[in-house]
Protein chains: 2
Amino acid sequence: MSDKIITISRQFGSGGRTVARKAADMLGIPCYDREIIQQIAEKSGFAEDYVSEQSEYMDDGGFFGSLGMYGPTTRIAIWTEQCQIIKDLADKGPCIIVGRCADYVLKEYHEDLLKCFIYADMESRAHRIVSQYGESPEKPEKRLKDKDKRRAAYYEIYTDQDFGDPVNYDLCLNTGTLGIDACAEIITQVYKNQD
Amino acid sequence: MSDKIITISRQFGSGGRTVARKAADMLGIPCYDREIIQQIAEKSGFAEDYVSEQSEYMDDGGFFGSLGMYGPTTRIAIWTEQCQIIKDLADKGPCIIVGRCADYVLKEYHEDLLKCFIYADMESRAHRIVSQYGESPEKPEKRLKDKDKRRAAYYEIYTDQDFGDPVNYDLCLNTGTLGIDACAEIITQVYKNQD
């Protein structure tokens, strides 16, 4: 492999973003996460928070939900922009791309992709979003389930695949039992060994 | 961890058994697979082939299917024997146990378990069962889907968990993209690093 790209899909609260950054640091390659949101926001004119939500979560009303300006046309425009930005980043050279269906968007890169899914048990994720992300300790499991549902719906609509189904990935790692550092280390090793 | 046990759940045709044996060889620990069937057969008096089928696959008729001697009582007897044998093997020291819901049976070992799920895309598995297992090249995907369905039904009835759902495992590895040797190597490294 010459230009190898790592994609990190992750459950909310699993620490997947941290795993991605640590692996990128160890490998000395860039990690793209918030940068993708910023680029979409710049090019589309929408606020970053809006883009962040629309580029990974389905609204309660679904793809065709009647939400005024948040209709299907806007969603398709953001998706199209997102796909182009992800491909442009991948074309720049080795990197890690977090979320945003990059595993699917880059499917034509095939042999040069290492597709990872980062997840954890509900208890570890609830603990993480309260202790690390500063979320309310009031029923965090309920919010996680809601996030899971909307993220899965988004992924399924745009990719026609099931979010979190192992067959979409090369390796799936449980941060709840293995730990964040160990997961970053495994990805780093697999990446290096496949050179 | 002192007595660390690796459990390998695997999709039929993914090469999970080979991954298990290679990892066991590299780690210098025993790998239990067919031995479990043999022990159940010896203790229960049933034929090995029958035990092999009944200890991992649900009949088409389901748990309460009316199949004469193959009824629920026999199934429970085999399951009970299987649980005891798996626990006894785990108590003997570090080892790898292939299939048979060992990840669930040994759940009380918790901290000392490394639970792996080995899978692959349908095309790789179809190629494998025809070229390596000598199965008929006639519609291998159909047989794989049937095996998947019956193995998942068995796992779900006995464990109340979804077969292949990443959250039941510490790591899930795709032999179709990573290759058999790389998967054995990853398991070996994770096992060693968690010592």
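Before any of the text, the structure's been laid out above.
First, a word on scope: everything that follows refers to the structure included in this document. (Residues numbered from 1 in each chain as written. Chains lettered and ligands numbered in written order. Predicted model: local features only at pLDDT ≥ 70, side-chain atom pairs only at ≥ 80, totals over all residues. Heavy atoms only, no water.)

## Observations concerning the packing of aromatic side chains
In step 1: By the definition in use, this model includes 18 aromatic pairs over all chains.
In step 2: Between the aromatic rings of F117 of chain A and Y119 of chain A, the centroid separation amounts to 5.7 Å while the plane-to-plane angle is 15 degrees, which identifies the pairing as stacked.
In step 3: When its relative accessible area of 3% is taken as the criterion, F117 of chain A is described as buried.
In step 4: Note on Y119 of chain A: relative accessible area 1%, which makes it buried.
In step 5: When the ring centre of Y191 of chain A is taken as reference, the NZ or CZ atom of K4 of chain A above it lies at 4.0 Å.
In step 6: The positively charged end of K107 of chain B is found above the aromatic ring belonging to Y104 of chain B, 4.0 Å away from the centroid. (Phe/Tyr/Trp six-rings, centres within 6.5 Å; stacked < 30°, edge-to-face > 60°. Buried < 20%, exposed > 50% of the residue type's maximum accessible area, 1.4 Å probe, protein only. Lys NZ or Arg CZ within 6 Å of the ring centre and 35° of its normal.)

## Details of the nonpolar core
In step 1: Counting 66 residues, the largest nonpolar core has I36, I97 and L106 of chain A together with I36, I97 and L106 of chain B as its most contacted members.
In step 2: Those residues in contact with L106 of chain B, other than ones at most four positions away along the chain, are I5, T7, I86, K87, A90, I97 and L113 of chain B. (Core = buried A, V, L, I, M, F, W, Y, C linked by side-chain atoms within 4.5 Å. Contact = heavy atoms within 4.5 Å.)

## Remarks on the relation of the copies chain B and chain A
In step 1: Mapping chain B onto chain A leaves a residual RMSD of 0.0 Å; the transformation is a rotation of 180 degrees accompanied by 0.0 Å of translation along its axis. Expressed as an axis order, the relation between the two copies is that of a two-fold axis. Minimal C-alpha distance to the rotation axis in chain B is attained by C172 of chain B, lying at 2.4 Å.
In step 2: Both copies contact each other with a shared surface, as 100% of the interface residues of chain B are interface residues in chain A too. (Least-squares fit on C-alpha atoms with pLDDT ≥ 70 in both.)

## Describing the interface of chain B and chain A
In step 1: Each partner contributes residues to the interface: chain B has 19 residues there, and chain A has 19 residues.
In step 2: Between chain B and chain A the total buried area reaches about 1400 Å² when both faces are included, carbon and sulfur atoms providing 61% of it.
In step 3: In this structure, the connection of chain B to chain A is made through zero salt bridges.
In step 4: Joining chain B to chain A, the criterion identifies eleven residue pairs in polar contact (both at pLDDT 80 or more).
In step 5: With four residues, the top contributor of residues to the side of chain B that touches chain A is strand 5 (residues 171–174) of chain B. (Buried area = accessible area lost by both parts, 1.4 Å probe. Salt bridge = Lys/Arg side-chain N within 4 Å of Asp/Glu carboxyl O. Polar contact = N/O pair within 3.5 Å; in protein donor to acceptor, adjacent residues only side chain to side chain. Helix = DSSP H or I, 4+ residues; strand = E, 2+ residues; numbered from the N terminus.)

## Quick notes on the pattern of salt bridges
In step 1: Counted under the stated rule, the structure contains 20 salt bridges over all chains.
In step 2: Here R100 of chain B makes a salt bridge to D33 of chain B, at a shortest N to O gap of 3.7 Å. With R100 of chain B in the loop between strand 3 (95–98) and helix 5 (102–105) and D33 of chain B in the loop between strand 2 (31–32) and helix 2 (34–44), this pair connects stretches of sequence that are 67 residues apart.
In step 3: Judged by its relative accessible area of 3%, D33 of chain B is buried.
In step 4: The partner of E135 of chain B in a salt bridge is R143 of chain B, with the nearest N and O atoms 2.9 Å apart.
In step 5: Residue classification places R143 of chain B among the partly exposed positions, given a relative accessible area of 27%.
In step 6: Connected through salt bridges with shared partners, the residues R17, R21, D33 and R100 of chain A form a single ionic network.

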